[in-house]
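Chain residues, written in single-letter form:
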Amino acid sequence: MIAGVAGIDLVVLVVAADEGVMPQTEEHLEILQFLGIKRCIVAISKIDRVDEVMLELVEEDIRDRLAGTIFDEAPYVLVDSLSGKGIEDLKGAISEELKQVQLRDAYGSFRLPIDQVFSVQGQGTVVRGTIYEGAVQKGSQLTVLPKGASVKARQIQVHNEEQEFARAGQRTAINLGGIEKDEILRGDVLVSSEHFLVTDTLDIALELVDSPFVPLKQRAPVKIHTGTSEVMGKIVFFDRNELAQSESEVLCQIRLDEEIVVRRGDRFILRRPTPVETLGGGWIIQPKGGKYRFGEETIAMLQKIKEGTPEDLLADVLQKYVVLDFKELIQQTSLDESVLKDTVNELLANGTVLEIGNQRYSLLKSFIKLADELTERLNHFHEMHPMRQGQGKAELVQAFSTVYPKLFIEYTLDKMAEKAH
């Protein structure tokens, strides 16, 4: 259910009139809310099996359960599939709700999490899924991640009709050339660019289920569901050694047993493998986490990442890596390409960010810091060797290359030399 529901914009919650809200309905509701699905239609089915009094009781029960949730204002439709009662009303409700759904981003980099793989005789390998973002054209060169296999979109179908083009939000089947069926798994992701990051460490913001569960120990095994992938890993806390039921959000990390493809903002569900139960869900605040120390300092850092503006995220990754090109910035920040471009241009204009060579960027404060360190070293050199003309450039680059990229050191030395002349 989790893999199937990933990528949808509207859910029809079906409750049988002769049964009411069942335990599975409760779990489905939790999962839908954790995945951030905001639009819902409640369909009460099998209405011919009960009288009006029972029907009113069932509707009241559902309204009580949905009170205070994001589905509080959902429209209700009464249906019976055998007699056909209410089916046209349901179609009308779906049509009305879809008019309110915000279109997904078809201008970003193409990403399709794969939920089905099969082969068609005479056609070869076919993958199916819902396009999360971007668009794909027939004949496009694509990549299957995390394995990095290059493939070609030989044919595209949307709802069993052949198309030249498919866009974000559409349920799509793509016939791939250059790969065998056995080389692709559900959970793999089909992409069109190098902007996507393969990772095995996720920094997350976790919300817990309302119902009690057996406390979860530090580094306990968990199963995370995101997109169409379902991967085992260990949960790592930085402010506690045990996770119990709580209303407050928990900032923590999942260290996965295998690599997956995610972006900042992707939703996930967290489950315990044994006994199988949903623990909570939330969103990925940083797709490539690091090794952090236990303590409030780490929590404060994760909170900053969680709340970060595009400018903050850009500054944080440049602080960490010193110099990154545009592709690396997209990977590390998980920002949309157009948002990142605007942010880079804005920070270049106000002087916060410098362009180091062709589409390579660094922070002005990193440049100032290195220039100060180089000046200090040169002053010390002249004190020690007053009769020598100066220290060689290659020697300086070598001395600082363990801390700074060589390209950045050379850029800083060149700028310092220009200023001196």
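Residues numbered from 1 in each chain as written. Predicted model: local features only at pLDDT ≥ 70, side-chain atom pairs only at ≥ 80, totals over all residues. Heavy atoms only, no water.

This part is about the sheet that holds strand β22 (residues 324–325). Here we have three strands laid out as an open sheet, ordered β22-β24-β23, and antiparallel in their pairing. The open sheet has two free edges, formed respectively by β22 and β23 (353–355), since each of these has just one partner strand. For β23 and strand β24 (residues 360–363), the ladder comprises three bridges, and the chain directions are antiparallel. Opposite Glu-355, over in β24, you have Tyr-361 as the bridge partner. (Pairing = 2+ DSSP bridges. Helix = DSSP H or I, 4+ residues; strand = E, 2+ residues; numbered from the N terminus.)

Take the pattern of salt bridges next. Throughout the structure, instances matching the rule amount to 24 salt bridges. Close ionic contact of Lys-99 with Glu-96 constitutes a salt bridge, the shortest N to O distance being 3.0 Å. Here Glu-96 and Lys-99 lie together in helix α4 (residues 87–100), a separation of three residues that amounts to about one turn. We classify Glu-96 as partly exposed; its relative accessible area is 44%. Between Lys-306 and Glu-249 there is a salt bridge, with its nearest N and O atoms 2.5 Å apart. Of this pair, Lys-306 sits in helix α5 (residues 296–307) while Glu-249 sits in the loop between β18 (242–243) and β19 (250–261), and the two are 57 residues apart along the sequence. The class for Glu-249 is partly exposed, based on a relative accessible area of 30%. (Salt bridge = Lys/Arg side-chain N within 4 Å of Asp/Glu carboxyl O. Buried < 20%, exposed > 50% of the residue type's maximum accessible area, 1.4 Å probe, protein only.)

In terms of burial, strand β14 (residues 198–208) is a largely internal element, nine of the eleven residues being buried. Inspection of the sheet shows β14 paired to strand β21 (residues 277–286) by six bridges, in the antiparallel sense. Bridge pairing in β21 links Ala-205 to Trp-283.

Turning next to the layout of surface pockets. Gaps between atoms show up when a probe of the same size as a water molecule is rolled over them. Quantified by volume, the largest pocket comes out at close to 1100 Å³. In terms of lining, the largest pocket is formed by 30 residues, of which the most central are Arg-104, Tyr-132, Gly-265, Asp-266 and Arg-267. For the second largest pocket, the calculated volume is near 420 Å³. Along the wall of the second largest pocket there are 17 residues; nearest its centre are Phe-34, Glu-207, Leu-208, Val-209 and Asp-210. Counting residues per element, the ones that place at least two in the lining of the second largest pocket are α2 (23–34) and β14. (1 Å grid on protein atoms, 1.4 Å probe; cavity = no way out; pocket = protein on both sides within 12 Å on 5 of 7 lines; lining within 4 Å. Points joined across faces, edges and corners; volume = space filled by probe spheres on them.)

This part is about a nonpolar patch on the surface. The grouping of Val-53, Met-54 and Leu-57 at the surface amounts to a nonpolar patch, some 270 Å² of accessible area in total. Tracing the chain through its elements places Met-54 in helix α3 (residues 52–66). (Patch = residues over 30% accessible without salt bridge, like charges linked within 9 Å, V, L, I, M, F, W, Y side chains within 5 Å. Areas by Shrake-Rupley, 256 points an atom, 1.4 Å probe, with all protein chains shown as cover.)

Attention now moves to the environment of Ser-366. Note that Ser-366 resides in helix α9 (residues 364–384). A relative accessible area of 11% means that Ser-366 is categorised as buried. Ser-366 sits 245 residues away from Gln-121 along the chain, and the two C-alpha atoms are 58 Å apart.

Everything listed here is a matter of coordinates, which is why it stays silent on function.
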